[in-house]
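Overview (structure and organization)
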Amino acid sequence: SDGPLWSKVIVWTSIAGGFLTLIGLYIGISQFRRGSRMSPYRGWNYWHHLAGLVFGVFTLTWVVSGTISMNPWGFLEGGGGNARAGLAGDPLPWSTYRDSLARLKDDAALAGAVTLASAPGNGRLYWLARWADGRVLRLDDGGRAAPVAAAELRRGAQLVANGRAIASQELMNAEDAYYYRTPGNDRLTLPVYRVVLADAAQTRYYFDPRSGLLLGRIDSDRRGYRWLFDGLHRLDFFAWLRLRPLWDVLMLLLLAGGILVTGSGCYLALRRIGRDLRAAVARAGVGSRASSARLRPAPPP
C-alpha cells in the first residue's frame, strides 16, 4: 500500500542480491580446478559450486534486470512529452461525445461490435469499433466510416517530429527489434506505420494505420530498457528465442537451475548456522563448568 517504500525495498534488496551473486561467482571461479575433479568440494557443496558456476550467471542477469525494471533514480526515465495529446488536438467538450453517441445509438453498422472507444485526432472526434473476430473500424462523429488516409499518417509523423528531421517513415508488415510480440502477449497490431527521426536518439514512433493512434515511442532510454530488461529478463535477444514452446522449455530449465543454486545455498547456510550455534553452545557449556570449578571451595586438608 506504500508505493515509494515498496519500490525502495525492491531496489535495495535486488542490489544486495546482485552483490551477493557476484561474490558467489567470484568465489566459485577462484575455486575452479583443472584436473580430474573440477571442484574441491564434496556433497551439497559440490553441487552448489557447479550449479552456481552455470546458473549463477543467469541469476545475476535476472537480479540486475529486475533492479533496472524499477528504474532506480531515474536511470532510464525517458522523455519526449505527451505526444498522444498533441496528436489528439485540443480537448473536446463532453457535449460533442454525448451528441455523437446519441447518433450512433441505433447505427446498423455497429451491429455485433463488442467495444466502442473514442479516438480523437487533430481536434476531431472519431470512434473505434471492435468486433470479437478482431475487426476494427474507425467512424467519424456521425457514424460514417472514416479509414485513416496516408496523408493523415504523414501529418502525424510531422507532429511528433516537431521540427526535427525524419529519417524514414513506412508501413511495416513485420516485427522489428523494438516492436514485437512477447511470450504471453501475442496481441500486436500489424501492419504498423513506423517513423524514425534523424535525431541523436534515433527516436522511433509506431502508429496504428487502422486508427491513427500512437502505439509506442522508442528513444535512447527506452532502447536501453529494451535490452537491459526485456533482453536480460525475458531472453528475447533474438526472434527465434521467443518461439514457443522453445522459450517455455528454456525458461523452465533456467528457473530450475536457479532454484537449485538458491535452494542449495540456503540449505548450506542453515546447516552452517546450526553447526556454529551448536559449537557456541558447547563452548558456553565448557566455560560455565570451568567457572564453576574455579569458584568451588577447595576440600579441607
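The following refers to the structure shown. Everything numeric in this text was worked out from a predicted model, so none of it was measured. (Residues numbered from 1 in each chain as written. Predicted model: local features only at pLDDT ≥ 70, side-chain atom pairs only at ≥ 80, totals over all residues. Heavy atoms only, no water.)

Observations concerning helix H4 (residues 94-104)
Given 3.6 residues per turn, any residue in an α-helix points the same way as the ones three and four places further on. Regarding H4, the residues found buried are Tyr97, Ser100 and Leu104. End-on view of H4: buried residues confined to an arc of 70°, all on one side of the axis. With respect to the buried face of H4, the exposed residues turned more than 90 degrees away are Trp94 and Ala102. Among the structural elements, strand S1 (115-118) and strand S2 (126-130) are those in contact with the buried residues of H4. (Buried < 20%, exposed > 50% of the residue type's maximum accessible area, 1.4 Å probe, protein only. Helix = DSSP H or I, 4+ residues; strand = E, 2+ residues; numbered from the N terminus. Arc of directions from axis to C-beta. Contact = heavy atoms within 4.5 Å.)

Looking at the sheet that holds strand S5 (residues 192-197)
Spatial strand order, S4-S5-S6-S7: 4 strands in an open sheet with antiparallel pairing. The two strands at the open ends of the sheet, each matched to only one other strand, are strand S4 (166-172) and strand S7 (214-218). Adjacent strand axes in the sheet meet at a mean angle of 15°, parallel and antiparallel pairs treated alike. (Pairing = 2+ DSSP bridges. Axes fitted to C-alpha atoms, helices over the stretch in contact; angles between N-to-C directions.)

Quick notes on the packing of helix H1 (residues 3-30) against helix H2 (residues 43-69)
In a packed pair of helices, the relevant descriptors are the angle between the two axes and the axis-to-axis distance. Two numbers describe how H1 lies on H2: the axes approach to 9 Å, and their chain directions differ by 155°. By the angle between their axes, H1 is roughly antiparallel relative to H2. The two elements H1 and H2 cross, and the hand of that crossing is left-handed. Here Val11, Ser14, Ile15, Gly17, Gly18, Thr21, Leu22, Leu25, Gly28 and Ile29 of H1 come into contact with H2, specifically with His49, Gly52, Leu53, Gly56, Val57, Thr59, Leu60, Val63 and Thr67. (Parallel < 35°, antiparallel > 145°, perpendicular 65-115°, else oblique. Left-handed = near helix turned anticlockwise from the far one by under 90°.)

Some words on the pairing of strand S3 (residues 136-140)
By the criterion of burial, S3 is predominantly enclosed, with 4 of the 5 residues buried. Between S2 and S3, which pair antiparallel and follow one another directly, the connecting turn spans 5 residues, one of which, glycine 134, has a positive phi of 95°.

Things to note about the environment of leucine 50
Assignment of secondary structure puts leucine 50 in helix H2. Accessibility expressed as a relative area gives 16% for leucine 50, which makes it buried. On a C-alpha basis, the gap between leucine 50 and alanine 165 in space is 53 Å, while along the polypeptide they are 115 residues apart.

Remarks on the pattern of salt bridges
Under the defined criterion, the tally for this structure stands at 17 salt bridges. For arginine 164, the salt bridge goes to aspartate 199, with nearest N and O atoms at 3.4 Å. Taken together, the residues span a long stretch of sequence, with arginine 164 in the loop between helix H5 (150-161) and S4 and aspartate 199 in the loop between S5 and strand S6 (204-207) at a distance of 35 residues. On the accessibility criterion, arginine 164 (33% relative accessible area) is partly exposed. What makes aspartate 199 buried here is its relative accessible area of 18%. What you see here is one network of salt bridges that share partners, running through Glu170, Asp176, Arg194 and Arg204. (Salt bridge = Lys/Arg side-chain N within 4 Å of Asp/Glu carboxyl O.)

Looking at the side chain of aspartate 140
Tracing the backbone shows aspartate 140 in strand S3. Reaching out from aspartate 140, the side chain makes a polar contact with the backbone nitrogen of glycine 142 at a distance of 3.0 Å. (Polar contact = N/O pair within 3.5 Å; in protein donor to acceptor, adjacent residues only side chain to side chain.)

Some details on the packing of aromatic side chains
Evaluation of the coordinates by the stated rule reveals 9 aromatic pairs. Centre to centre, the rings of tryptophan 227 and phenylalanine 237 are 6.2 Å apart; their planes meet at 5°, and the pair counts as stacked. Remark: phenylalanine 237 occurs in the loop between helix H6 (220-234) and helix H7 (246-295) and tryptophan 227 occurs in helix H6; sequence separation between them is 10 residues. Here phenylalanine 237 falls in the partly exposed class, since its relative accessible area comes to 31%. Aromatic pair phenylalanine 238 and tryptophan 240: ring centres 6.1 Å apart, planes at 10°, arrangement stacked. The exposure class of phenylalanine 238 is partly exposed, given its relative accessible area of 48%. Joined through ring pairs, the aromatic side chains of Trp94, Tyr97 and Trp127 make up one cluster. Sitting above the plane of the tryptophan 131 ring, arginine 135 keeps its charged end 3.8 Å from the centroid. (Phe/Tyr/Trp six-rings, centres within 6.5 Å; stacked < 30°, edge-to-face > 60°. Lys NZ or Arg CZ within 6 Å of the ring centre and 35° of its normal.)

Quick notes on the layout of surface pockets
Put simply, the largest pocket is a space of about 700 Å³. What lines the largest pocket is a set of 30 residues, and nearest its centre among them are Tyr179, Arg187, Leu188, Leu215 and Gly216. Breaking the lining of the largest pocket down by element, the ones donating at least two residues are helix H3 (83-88), S7 and H6. The biggest single contributor to the lining of the largest pocket is H6, with 6 residues. Its residues placed into classes, the lining of the largest pocket shows 12 nonpolar, 7 polar and 11 charged. Looking at the second largest pocket, its volume works out to about 580 Å³. Gly24, Leu25, His48, Val261 and Gly265 are, among the 21 residues lining the second largest pocket, the residues nearest its centre. (1 Å grid on protein atoms, 1.4 Å probe; cavity = no way out; pocket = protein on both sides within 12 Å on 5 of 7 lines; lining within 4 Å. Points joined across faces, edges and corners; volume = space filled by probe spheres on them. Nonpolar A, V, L, I, M, F, W, Y, C, P; charged D, E, K, R; others polar.)

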